[in-house]
Amino acid sequence: MTLVMNAAERQRFLAGPHVGILSVAAEQGRAPLAVPVWYLYEPGGEISFATGQDSRKMALIRQAGRVSLTVQNEQMPYGYVSVEGAVTAIEQAHSEERRALAERYLGSEGAAEYLESTKDIAHTMVVVRVRAEHWLTRDYGKR
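Predicted, not measured: the structure shown is a model, and the values here were computed from it. (Residues numbered from 1 in each chain as written. Predicted model: local features only at pLDDT ≥ 70, side-chain atom pairs only at ≥ 80, totals over all residues. Heavy atoms only, no water.)

1. Focus on the side chain of S48
Then comes step 1: Counting through the fold element by element, S48 comes out in strand 3 (residues 47-52).
Then comes step 2: According to the relative accessible area criterion, S48 is buried, its value standing at 7%.
Then comes step 3: Within the structure, the side chain of S48 is placed 3.3 Å from the side chain of E97, a separation counted as a polar contact.
Then comes step 4: Beyond its immediate sequence surroundings of up to four residues, S48 is in contact with W38, Y39, L40, E97, V127, V128 and R129. (Helix = DSSP H or I, 4+ residues; strand = E, 2+ residues; numbered from the N terminus. Buried < 20%, exposed > 50% of the residue type's maximum accessible area, 1.4 Å probe, protein only. Polar contact = N/O pair within 3.5 Å; in protein donor to acceptor, adjacent residues only side chain to side chain. Contact = heavy atoms within 4.5 Å.)

Here is the structure:
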């Protein structure tokens, strides 16, 4: 029996509301940058997440042109999906996408509070889109 997820399983898992760990190559002499992110993903589509346009993370993403994202179950049965891909677009973050991200992780009421508390920096946010190219998965519930 294999613990590797098939294409449908890995896409369904990635579409779940996990907090992802985004990794991107760093400057010479530094380890890769790895930070938690909220993200959006629909099976078969691109991964998207928002970040500050002037952040170190964004500078490294622009330089590398590639990122990896890892998501996991933190409770038994453990499992994870790690995906690597090319950045396909960097766009100004629109309020609809920021709202969708916030609602995915905070619910409607929490999202409204979050959006209100970050309204002064909303104009500095960009959305990064990534095409999934390489996958690594495990599902320890497949025994």
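2. As for the pairing of strand 6 (residues 125-139)
Then comes step 1: As paired elements, strand 3 and strand 6 share six bridges and run antiparallel to each other. Along strand 6, the bridge assignment pairs I47 with V130. (Pairing = 2+ DSSP bridges.)

3. Some thoughts on helix 2 (residues 56-64)
Each turn of an α-helix holds 3.6 residues, which means side chains three or four residues apart point in the same direction.
Then comes step 1: Every buried residue belonging to helix 2 is among K57, M58, L60 and I61, and all of these are buried. Axial view of helix 2: buried residues confined to an arc of 160°, hence all on one face.
Then comes step 2: The elements touched by buried residues of helix 2 are strand 1 (20-24), strand 2 (33-37), strand 3, strand 4 (66-73), strand 5 (79-92) and strand 6.
Then comes step 3: Among the residues trailing helix 2, G65 stands out with phi positive, at a value near 75°. (Arc of directions from axis to C-beta.)

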